[in-house]
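Structural characterization, general
Single-letter residue listing:
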Amino acid sequence: MASGRSERAVPQALKILIAGGFGVGKTTLVSSVSEISPLRTEEVLTSAGEATDDINGVEAKRTTTVAMDFGRITIAPHLVLYLFGTPGQDRFMFLWDELASGSLGAVVMADTRRLADSFNVIDYFERRGTPFMVAVNCFDGVRTHTSTQVRTALDLEQHVPVVLCDARERESVKEVLITLLEYILRTGGASATK
């Protein structure tokens, strides 16, 4: 029976987390690929956070995400990704469980200048059983390490994708997201909805 309305299909929405340490480029990644004006919850760094916010290696950083970033990208007419960027400091880790709930997978952003910041993030997703990949943000377009070197340094399983990217470049970020989706399809997803 015709209702007079268009019977077009509603796109399937998939939730992806963008996670990583402080200053690694999560907000930049979400902003560069989002087809909507991204939601940002950034605040200016102040002297109150000096004892807890380690800015070594990212001294020029002036703001920090305090809740999340949010963006959206349509991959195909029937497939939309909702991107949730996590805050990077350990003091905001209590938000991660809420943000991770219902997620299909995660992109772990890594900065080779501060690679140790990636270990807690990787451990988090491994404990949850959430499929993840590592995207090494090549700041200023400089690729100082290969993906193999980063994989070894992070002690990652061979099946976990590691790619080099530029979080400022839309096409580079799209490749990261496609790599994650292909990985999830290849591995059959996982218990990502914990």
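Residues numbered from 1 in each chain as written. Predicted model: local features only at pLDDT ≥ 70, side-chain atom pairs only at ≥ 80, totals over all residues. Heavy atoms only, no water.

1. Section: the nonpolar core
- If you look at the biggest cluster of nonpolar residues, it comprises 49 residues, and the most contacted ones within it are Ile-18, Leu-83, Val-107, Phe-125, Phe-132, Val-134 and Leu-177.
- Tallying contributions element by element places helix H5 (residues 170-187) first for this core, with seven residues. (Core = buried A, V, L, I, M, F, W, Y, C linked by side-chain atoms within 4.5 Å. Buried < 20%, exposed > 50% of the residue type's maximum accessible area, 1.4 Å probe, protein only. Helix = DSSP H or I, 4+ residues; strand = E, 2+ residues; numbered from the N terminus.)

2. Quick notes on the environment of Lys-15
- With respect to the element layout, Lys-15 can be found in strand S1 (residues 12-20).
- Linking Lys-15 and Tyr-82, residues 67 residues apart in sequence, is a C-alpha distance of 4.9 Å.
- Excluding anything up to four places from it in sequence, Lys-15 contacts Tyr-82, Phe-84, Glu-98, Leu-99, Ala-100, Ser-101, Gly-102, Ser-103, Leu-104 and Gly-105.
- A polar atom in the side chain of Lys-15 sits 2.8 Å from the backbone oxygen of Ser-101. (Contact = heavy atoms within 4.5 Å. Polar contact = N/O pair within 3.5 Å; in protein donor to acceptor, adjacent residues only side chain to side chain.)

3. Things to note about the pattern of salt bridges
- All told, the structure shown has six salt bridges when counted by the stated rule.
- Measuring nitrogen to oxygen at the nearest pair gives 2.9 Å for the salt bridge that ties Arg-113 to Asp-111.
- Here Asp-117 makes a salt bridge to Arg-114, at a shortest N to O gap of 3.0 Å. (Salt bridge = Lys/Arg side-chain N within 4 Å of Asp/Glu carboxyl O.)

4. Observations concerning the side chain of Lys-15
- One buried charge, Lys-15, has no salt-bridge partner; the nearest side chain with opposite charge is Glu-98, at 7.4 Å.
- Looking at Lys-15, its side chain comes within polar contact range of the main-chain oxygen of Leu-99, at 2.7 Å. (Lys, Arg positive; Asp, Glu negative; His and termini not counted.)

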